[in-house]
Every structure is written in structure tokens, then in C-alpha cells.
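Spelled out from the first residue to the last, the chains are:
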Amino acid sequence: MGERQRIIIAKPGLDGHDRGAKVVARALRDGGHEVIYTGLRRTPNQIVRTAMDEDARFVGLSSLSGAHGHLFPTVCNLLREAGLNDVIVFGGGIIPDDERSALHASGVRAIFGPGTTSSEILEFISEAAGRNCGVGSQDPWHWGE
Amino acid sequence: MEPIRGEGLVIAITGPPGVGKSCLVDGLLHRLAPEHIVAVLAVDPTSPLSGGALLGDRIRFSVLDDDSKADSIYVRSIATRSSSGAVPSIIQSLASHLLGNGFGLVIIETVGAGQAEIRCAAIADRIIVVEGPARGDGIQAEKAGLLELADLLIVNKSDLPGADKVVNDLTMSLSITDDSPEIIKVSALTGDGLDQLPAMIFALESRVSSQRARNRQRLLMAHEHLLTANPNFEAILDRISQEGLSLAQALEELS
């Protein structure tokens, strides 16, 4: 078990389904982390503001609406603009395989689809926490490469 | 630990789970921002099993959706972690820094159950205890410790039947002292009674007995802090377990 992290679990955009996000939040809590859930329909700006106010190390984005290709990179860009270069972004939801490399390139370090185990997400948190892989990092590493 | 210094005010809003503390704070923030620069330190318990925590108070703060107000509000979620001493002292430093950096009001929101939570509330200059109807019974002994800290009692959910009964019960149980806090009835849901709250809070006087109760908590906290901060604390613990050092001897060595 790695160090305790502060993790934002966020639901960006017009997407009313948060069962998955809540299961992940619960799993991260049970893994010993402090999890702040934003609630539904947050804007990228609100998510970045939350990460800043809460001094979070990780931001997990959940999207089942199909808008991940716009929302995830927007959050990464706004984090960089806000100077939160050390914040590590990961995502989950319904993300087609052929859209993942673009998200990785924008700064998302892991993408978890249906069937992911909670222990895999915890392993990612623990490994990513030990690397310099925030949104401002040039390190090309991403989970599962 | 030094008492908080600064221009602004630190208040605690505390009470049993489910009485609507977060919604009440949201209602207050809607009426305070953007004229007042307000920080909310939302304290939630850490899971004793995993050491993790799910911090969900933000979800209730609809005021953060309003861009004209969100910029004058800072919300920080805090887990109690394992110690009943460390977190209150962290909150105290946080509150001091916030006051020193232009925040006029710091609200500590915490569940009024458990030592760590009550100590978090005891940091504040004024303590507001929230109660609500339909909680099953009258005034329980467990609440006594909380009530003695209260400078103001708010009965929330006035839109629900039973709110008047709670007001009556509280009035009855507090009537034996001549220094009892004012009791008001509001509904965070409908907004009933909330408009008067900001002015009331800024004008709130501390009761003599709540001040004493608060200082009692602070003194206990400082004392515990002194004990656990002693570099020999762990070694003495070992000697209690392994060498049969008595508690009285241990205290003597630590003090």
C-alpha cells in the first residue's frame, strides 16, 4: 500500500450517470486514500478549482456521455494554465480504444474501462504517485503501455 | 497552540449527522458571498478500517455553481485522520492563515460526535449547534457535551413536522441555566429564517459557560498535544507494554 493521496473524483459535462464514479471513490477510500467527490455536471473550470482548493494530487474524470475527447484534454490544459503541473489525471468510463492515445497525449495517465478491478486502480495510484507524471510532465509514460 | 488572531471571525457549525449542516452552510454562503470572503473547512471522519475518507460536503454547496459568488468562497475538505489531537491543531493553523489572508469569516463544519470533531469545533470563536426533527427521541445525554458548547442553537428543517417539538425539548432542557443560548428555527430547504442568520452570526456573543466549555476542550487538546509531542512518547509506550511501567510513572517521565 502506497502513501495516502488526496484524490478528486469528478464528473465533467452533461452526464447523469455516477454509479461508476461512486464505486471508484469508495474503492479508493477503502484503499486508504482521501477522496473528494465533486458531484454531477461539473465544468472543467470547477474541477480545476476544486483540485486547487483541495490540494489534490490526483484528478479522476468519469465520463459516459461520449464527450471525453473534449472534456478530458480541457481539464488537463486548464490544470497546466493554473500552474497545477504536478496534478496527475486519470479517466474512466466508456472510452473507445482508438480514442485513448489522443487522451494520453493530452496528459491523461490512465484510462480505465468497464471491468477494471479496484486493485488495478489502486496500483496505478501507487505507481503514478512515485513518478513525476503530472499534467505538466514531459514523461510519455502511461498506465498499461 | 495559540488562540487565533485576526480581524475576522471563526465559527463552527456542528451537530448530529443528517440534520442538514452542509445545506445550512450552503444557504449561509448564498447570503454571505460575494460581499464577504468566506472559507469553509469541512471536516469528515476518516474510516478507522482503511485510513481513507470520502469527503462529500462540496456536493451540497450549490453556491459554488454561481460564478459571481464562487470566487469569494474557499472550500477545503479535511479528514480527521487517526489522531484526535493533530487535526484540530492543523485546522487552527489553517484558520489563522485564512484570516491573515483576507478571509473575513471561517466556517468549520463538523459532525458533533466524537472527540476529534468536538475539538475541531472548540477552535472556533463561536459555536453554532444544529438540530433537526424526526431524529427519534428527545434530548439524549450524548448531546449534553455539545449543547454546553453552543452559543446559538439552530433547529433546521422547520418545514417538517416535529420542528416545534424539538425547539420545546431544547428550551426545556436548557431552561435550568440562566445562561442558555438562543434557539432559532430555520429551513435550509425553503430558505425560511436564513436571511437573518448572517447578521445574527456577526453579532453573536459568546456565552460565559460555552466559553468555559470551549476552553476546557482547548486545554485538554493542548495537554494531549504536549504528551504526544514528547520525543520519548513512543519509547515510554514501549516501556509500559514491555517493562510494566506504571501509568503514573509514565506520566511523571513525560511531564
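Residues numbered from 1 in each chain as written. Chains lettered and ligands numbered in written order. Predicted model: local features only at pLDDT ≥ 70, side-chain atom pairs only at ≥ 80, totals over all residues. Heavy atoms only, no water.

### Notes on the pairing of strand β5 (residues 105-111) of chain B
Residue and element names in this part refer to chain B. In terms of burial, β5 is largely enclosed, as 7 of its 7 residues are buried. Pairing of strand β1 (residues 9-15) with β5, which is carried by 7 bridges, proceeds in the parallel orientation. Counted as the bridge partner of A12 is I108 from β5. Where strand β2 (residues 38-44) and β5 come together, 6 bridges link them in parallel fashion. Residue pairing across strands places L41 opposite I108, the latter belonging to β5. (Buried < 20%, exposed > 50% of the residue type's maximum accessible area, 1.4 Å probe, protein only. Helix = DSSP H or I, 4+ residues; strand = E, 2+ residues; numbered from the N terminus. Pairing = 2+ DSSP bridges.)

### Regarding the packing of helix α2 (residues 44-53) of chain A against helix α3 (residues 68-81) of chain A
All names here are of chain A. Their axes nearest at 9 Å, the elements α2 and α3 cross at an angle of 45°. Taken together, α2 and α3 sit at an angle that is classed as oblique. The way α2 lies across α3 gives a crossing that is right-handed. Only L71, T74, V75, L78 and L79 of α3 make contact with α2, whose side of the interface consists of P44, N45, I47, V48 and A51. Looking at the contact of α2 with α3, its residues break down into 8 nonpolar, 2 polar and no charged. (Axes fitted to C-alpha atoms, helices over the stretch in contact; angles between N-to-C directions. Parallel < 35°, antiparallel > 145°, perpendicular 65-115°, else oblique. Left-handed = near helix turned anticlockwise from the far one by under 90°. Contact = heavy atoms within 4.5 Å. Nonpolar A, V, L, I, M, F, W, Y, C, P; charged D, E, K, R; others polar.)

### Focus on the side chain of S63 of chain A
All names here are of chain A. When you line up the elements, S63 lands in strand β3 (residues 58-63). S63 sits in the buried class, given a relative accessible area of 0%. In this structure the side chain of S63 is engaged in a polar contact, spanning 3.5 Å, whose partner is the backbone nitrogen of S65. (Polar contact = N/O pair within 3.5 Å; in protein donor to acceptor, adjacent residues only side chain to side chain.)

### Observations regarding the pattern of salt bridges
For the coordinates displayed, the defined rule picks out 22 salt bridges over all chains. Among the salt bridges present, the one from D195 of chain B reaches R31 of chain B, with a minimum N-O distance of 2.7 Å. Pair noted here: D195 of chain B is in the loop between β8 (182-185) and α7 (197-203) and R31 of chain B is in helix α1 (residues 21-32), with a separation of 164 residues, a long-range link. When its relative accessible area of 63% is taken as the criterion, D195 of chain B is described as exposed. Given the relative accessible area of 30%, R31 of chain B is considered partly exposed. With a shortest N-O distance of 3.8 Å, R207 of chain B and D179 of chain B are connected by a salt bridge. Of the two residues, R207 of chain B is situated in the loop between α7 and α8 (208-229) and D179 of chain B in the loop between α6 (163-174) and β8; the sequence distance between them amounts to 28 residues. For D179 of chain B, a relative accessible area of 23% gives the class partly exposed. Within the structure, one salt-bridge network assembled from shared partners comprises R4, R6, E34 and E54 of chain A together with R58 of chain B. (Salt bridge = Lys/Arg side-chain N within 4 Å of Asp/Glu carboxyl O.)

### Quick look at the sheet that holds strand β5 (residues 108-112) of chain A
Taken in spatial order, the 6 strands of this open sheet run β5(A)-β4(A)-β3(A)-β1(A)-β2(A)-β3(B), and their pairing is parallel. Only two strands of the sheet have a single partner each, and these edge strands are β5 of chain A together with β3 (53-55) of chain B. Strand-to-strand twist across the sheet, computed as the mean angle between neighbouring axes with direction ignored, equals 20°. Direction of pairing for β3 of chain A relative to strand β4 (residues 88-93) of chain A: parallel, over a ladder of 6 bridges. Along β4 of chain A, the bridge assignment pairs S63 of chain A with G93 of chain A.

### What about the nonpolar core?
Burial of nonpolar side chains together is a common tendency in soluble globular proteins. Residue and element names in this part refer to chain B. Core analysis: the biggest nonpolar cluster contains 35 residues, and I91, V106 and I108 have the highest contact counts within it. Look past the residues within four positions of V106 in its chain and what remains in contact with it is L9, V10, I11, A39, L41, A95, L98 and L99. Of all hydrophobic cores here, the second largest spans 31 residues; its members include I11, L28, I107 and V130. (Core = buried A, V, L, I, M, F, W, Y, C linked by side-chain atoms within 4.5 Å.)

### Structural notes on the side chain of R58 of chain B
Structurally, R58 of chain B is set in the loop between β3 and α2 (67-70). Looking at R58 of chain B, the relative accessible area reads 7%, which means it is buried. A distance of 2.7 Å separates the side chain of R58 of chain B from the side chain of E54 of chain A, its partner in a polar contact. With residues near it in sequence (within four places) discarded, R58 of chain B still touches I36, T50, D53 and E54 of chain A together with L64, V75 and S77 of chain B.

### Considering the packing of helix α4 (residues 115-122) of chain B against α8 of chain B
Residues and elements named next belong to chain B. Look at α4 against α8: their axes get within 9 Å of each other, and the N-to-C directions meet at 115°. Considering how the two elements wind past one another, α4 and α8 form a crossing that is left-handed. Here Q115, I118, R119 and A122 of α4 lie close against α8, whose contacting residues are R214, Q217, R218, L220, M221 and E224. In the contact of α4 with α8, the residues fall into 4 nonpolar, 2 polar and 4 charged.

### Regarding the packing of aromatic side chains
All names here are of chain A. Summed over all chains, the structure comprises 8 aromatic pairs over all chains. Aromatic side chains F90 and F112 sit 6.3 Å apart centroid to centroid with 70° between the ring planes, which places their arrangement in the edge-to-face category. Linking F90 in strand β4 with F112 in strand β5, this pair joins segments that are 22 residues apart in sequence. Residue class for F90 comes out buried when judged on its relative accessible area of 4%. Accessibility expressed as a relative area gives 7% for F112, which makes it buried. Ring pairing ties together the aromatic residues F58, F90, F112, F124, W141 and W143, which thus form one cluster. (Phe/Tyr/Trp six-rings, centres within 6.5 Å; stacked < 30°, edge-to-face > 60°.)

### Examining the interface of chain B and chain A
The interface of chain B with chain A comprises 19 residues on the first partner and 20 residues on the second. Counting the surface lost from both chain B and chain A, the interface buries some 1700 Å², and carbon and sulfur atoms represent 42% of this. Ranking the residues of chain B by area buried against chain A places L54, R58 and R81 of chain B at the top, with a combined share of 30%. Where chain B meets chain A, there are 3 salt bridges. In this structure, R49 of chain A engages D71 of chain B in a salt bridge whose closest nitrogen and oxygen atoms are separated by 3.4 Å. At the junction of chain B and chain A, the tally comes to 14 residue pairs in polar contact (both at pLDDT 80 or more). Only β3 and β4 (73-79) of chain B provide two or more residues apiece to the side of chain B that touches chain A. For the side of chain B that touches chain A, the leading source of residues is β4 of chain B, giving 6 residues. (Buried area = accessible area lost by both parts, 1.4 Å probe.)

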